[in-house]
Amino acid sequence: MELLMIKPVFKEAIWGGKKLREVFHYTIPSDKTGECWAISGHPNGEGSIDGGSFDGMKLGTLWKDRPELFGHYPGNQFPLLVKIIDAQQDLSIQVHPDDAYASVHEHGSLGKTECWYVLDCEPGTEIVIGHHARDKAEMEAMIRSQSWDKFIRKVPVKKGDFFQIDPGCLHAIKGGTLILETQQSSDITYRVYDYDRLSDGKPRPLHVEQSIATINAPFVSCQGEIVKEELCGAVHTHLITCPYYSVDKYEIHGEWETEFASYFTNVSVLEGEGTVDGVPVKKGCHFILPHRYGNCKFRGELSIICSSPEKA
Ligand code: ZN
């Protein structure tokens, strides 16, 4: 059993910046790079295996050819998508559909539940989570009259914050934020409002009707309880378990051993460097521990985020 090191894919965006190069030392396509698709089997930006027995193979191909590596997790696509997002400017105010809506209206696509771990942000930064409408009718009225100041709910953010975004939850990452996102492998976004910005001289498309159909009203927080525990060699923070994934953070000091029990485990190194069973890893590395990898020994000073799919 070997680690599956993943080679990420980068995406430019009108709101992107250059922190993926400055902070993570990635080679990025331009100074307007918004996203690193770090662990992705999605056809819109598919990562490949970097080194080892499967060197160069696309993750989606490995998923189909070697299902035992993923514990025969059901489904014809790699279910999760891990991204790092550099929002130099505000992202559009948006919402994602659930599986039921997406399968009917988006050609059988998965819906999108996502969560954010704030890697860094500038002082005074806010994000958008939810809205202030009391019910569906008021939500629709506020959107149609473009009463954005009254409608949109903003909250302050700081480094280390965590947010769960269920389908139907209005949200936006605001400028000055660097985030690690774990989500269902879906690329369906309904844009409600884009600050009247132009991209290549034109406004980006809005999806007002789909947004009104999918935004939950009134807003109810979907945050779970965050639990921190001291382990031998690591501090463990359990961030979320939802129907699609579990996400955990580990701050490793010295040596920490564990056995991950899930179908498979995605690992992203956020800080530091060290080794995993002798394989050198450092900040910006992303890899998958395949099914039944067994005991795993981390050495060094490392901060990592792990995610695994929940039972299908
Ligand atoms: Zn989103």
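Preceding block: the structure.
Computed from a predicted structure; not experimentally measured.

Visitor: Mind laying out the overall build of the chain, listing which residues take part and the relevant values?
Guide: Within the chain, the regular secondary structure consists of six helices and 20 strands. On C-alpha atoms alone, the chain measures out to a radius of gyration of 19 Å, which is about the 20 Å that the 2.2 N^0.38 rule sets for 312 residues. Taken over the C-alpha atoms alone, the chain extends approximately 60 × 40 × 40 Å along its principal axes. Across the 312 residues of the chain, 54% fall into the buried class. Surface exposure of the chain reaches about 13,800 Å², of which carbon and sulfur atoms provide 50%. Of the charged side chains in the chain, 32 are positive and 44 negative, and the gap between their average positions amounts to 4 Å.

Visitor: Break down the coordination of the zinc ion for me, citing the residues and quoting the values.
Guide: Protein coordination of the zinc ion is provided by Q94 (OE1), H96 (NE2), E114 (OE), E114 (OE) and H171 (NE2), with donor distances spanning 2.1 to 2.7 Å. Read in sequence order, the donor residues for the zinc ion give the motif Q-x1-H-x17-E-x56-H. Here E114 lies in strand β7 (residues 114-121) and H96 lies in the loop between β6 (93-95) and α3 (99-105), a separation of 18 residues in the sequence. On the basis of relative accessibility, which here comes to 2%, the residue H96 falls in the buried class.

Visitor: So what about the sheet that holds strand β12 (residues 177-184)? Which residues, and what values?
Guide: If you trace the six strands from one edge of the open sheet to the other, you get β2-β3-β5-β12-β7-β10, paired in antiparallel fashion. Looking along the sheet, the strands with just one partner apiece sit at the ends: β2 (9-17) and β10 (162-165). Neighbouring strand axes in the sheet, compared pairwise and without regard to direction, differ in orientation by 25 degrees on average. Alignment of β7 against β10, held across four bridges, turns out to be antiparallel. Bridge pairing in β10 links Y117 to F162.

Visitor: I'd like a rundown of the packing of aromatic side chains, residues and numbers included.
Guide: For the coordinates displayed, the defined rule picks out 19 aromatic pairs. Measuring from centroid to centroid gives 6.0 Å for Y101 and Y190, while their planes differ by 80 degrees, and the two rings are edge-to-face. Linking Y101 in helix α3 with Y190 in strand β13 (residues 190-193), this pair joins segments that are 89 residues apart in sequence. We classify Y190 as buried; its relative accessible area is 2%. Through a chain of ring-to-ring contacts, three or more aromatic side chains come together here, namely W63, F70, Y73, F78, Y263 and F264.

Visitor: How would you summarise the pattern of salt bridges if you had to cite specific residues and measurements?
Guide: If you walk through the whole model with that rule in mind, you get 17 salt bridges. Across the pair R144 and E140 runs a salt bridge whose closest N-O atoms are separated by 2.9 Å. Of this pair, R144 and E140 both sit in helix α4 (residues 136-144), four residues apart, which is roughly one turn of the helix. On the accessibility criterion, R144 (43% relative accessible area) is partly exposed.

Visitor: Explain the pairing of strand β1 (residues 4-7) residue by residue, including any values.
Guide: Relative to strand β19 (residues 286-289), β1 is paired through two bridges, and the arrangement is antiparallel. Note that in β19 the partner of M5 across the bridge is F287. The pairing of β1 with strand β4 (residues 48-49) spans two bridges and is classified as antiparallel. Each bridged residue has a counterpart across the sheet, and for K7 the counterpart in β4 is S48.

Visitor: Hey, could you go over α4 for me, with residue numbers and the actual values?
Guide: Along α4, the residues classified as buried are M139, M142 and I143. Viewed end-on, α4 has its buried residues packed into an arc of 100 degrees, placing them on one side of the element. On its buried side, α4 packs onto α5 (148-151), β13 and α6 (208-214). The N-cap residue of α4 is D135: its side-chain oxygen and the backbone nitrogen of A137 are 3.3 Å apart.

Reading the values: the criteria
- Residues numbered from 1 in each chain as written.
- Predicted model: local features only at pLDDT ≥ 70, side-chain atom pairs only at ≥ 80, totals over all residues.
- Heavy atoms only, no water.
- Helix = DSSP H or I, 4+ residues; strand = E, 2+ residues; numbered from the N terminus.
- Rg over C-alpha atoms; globule rule 2.2 N^0.38 Å.
- Buried < 20%, exposed > 50% of the residue type's maximum accessible area, 1.4 Å probe, protein only.
- Areas by Shrake-Rupley, 256 points an atom, 1.4 Å probe, with all protein chains shown as cover.
- Lys, Arg positive; Asp, Glu negative; His and termini not counted.
- Charge placed at Lys NZ, Arg CZ, Asp CG, Glu CD.
- Donors = N, O, S within 2.8 Å, 3.2 Å for Na, K, Ca; no water.
- Pairing = 2+ DSSP bridges.
- Axes fitted to C-alpha atoms, helices over the stretch in contact; angles between N-to-C directions.
- Phe/Tyr/Trp six-rings, centres within 6.5 Å; stacked < 30°, edge-to-face > 60°.
- Salt bridge = Lys/Arg side-chain N within 4 Å of Asp/Glu carboxyl O.
- Arc of directions from axis to C-beta.
- Contact = heavy atoms within 4.5 Å.
- Polar contact = N/O pair within 3.5 Å; in protein donor to acceptor, adjacent residues only side chain to side chain.

Fair warning: the whole summary comes from geometry, so function is off the table for now.
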